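# Secondary and tertiary structure notes
Each chain is listed here by its residues.
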Amino acid sequence: MGRKVLLLVDESPNSEHAVKFFASSCSRKDDEVTLMHVVTGPRTDIHGAVAAYKTAKDSGVFLKLTSFLVENDVPETQIKSKSTVATSGVSTHSVCGAIKDYVETHPTDLIVMGSRGMSAIKQFITGLGGVSDYVVKHIPVAALVVHYPQMIKEVPENVVA
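Residues numbered from 1 in each chain as written. Predicted model: local features only at pLDDT ≥ 70, side-chain atom pairs only at ≥ 80, totals over all residues. Heavy atoms only, no water.

Time to look at the nonpolar core. If you look at the biggest cluster of nonpolar residues, it comprises 18 residues, and the most contacted ones within it are L7, F22, V33, L35, L69 and V112. Of all the secondary-structure elements, those providing two or more residues to this core are β1 (4-8), α1 (13-26), β2 (32-40), α3 (61-71) and β6 (110-115). Those residues within four positions of L69 in sequence are excluded, and the remaining contacts are L7, V19, F22, A23, V33, L35, V74 and I79. (Core = buried A, V, L, I, M, F, W, Y, C linked by side-chain atoms within 4.5 Å. Buried < 20%, exposed > 50% of the residue type's maximum accessible area, 1.4 Å probe, protein only. Helix = DSSP H or I, 4+ residues; strand = E, 2+ residues; numbered from the N terminus. Contact = heavy atoms within 4.5 Å.)

So, about the side chain of D31. If you trace the backbone, D31 turns up in the loop between α1 and β2. Only 2.8 Å separates the side chain of D31 from the side chain of R3, close enough to count as a polar contact. Reaching out from D31, the side chain makes a polar contact with the backbone nitrogen of R28 at a distance of 2.8 Å. If we skip the residues at most four places from it in the chain, D31 touches G2, R3, V5, F22, C26 and Q78. (Polar contact = N/O pair within 3.5 Å; in protein donor to acceptor, adjacent residues only side chain to side chain.)

Moving on to the pairing of β6. Counting buried positions along β6 gives five out of six residues, so the element sits mostly inside the fold. Bridge analysis of β1 against β6 gives three bridges, and the strand direction is parallel. Its bridge partner lying in β6, L7 is registered against V112. The sheet contact formed by β6 and strand β7 (residues 142-147) spans six bridges and is parallel. Across the sheet, residue V112 finds its bridge partner in β7, namely L144. (Pairing = 2+ DSSP bridges.)

Following this line, the structure appears as structure tokens:
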């Protein structure tokens, strides 16, 4: 029996890169993969009109990422997709709550996600931690956080990493 892997996705290049990294580097043929997109509730624009939200299914993200997984030997029969609306508001906390609820009700061995790269200083100033920060610190499941290549800075030659 394979691992139960939760891939957290959205429409960002960070998310796409994380799925591609997982598929090409550490996926197994017997993994059961769930692509999960957490959509925050409806938003209002500057005129007070409620803006519709698009799920990953609506935008074609699930189809695109599923195709990539299949191309990298993850059987399509072992890939599920799930869009969840975070009902408690439009915030990082509501997204994290939806992820936590899913993990508490579905066996999960590994969570894979991209990182938007909020610096520790920005987190301190704004008082916000990112979703990846919350998952790593508060959800008792192995997590793989994949940084987008543009976020990785070169290490100067005189610095020992």
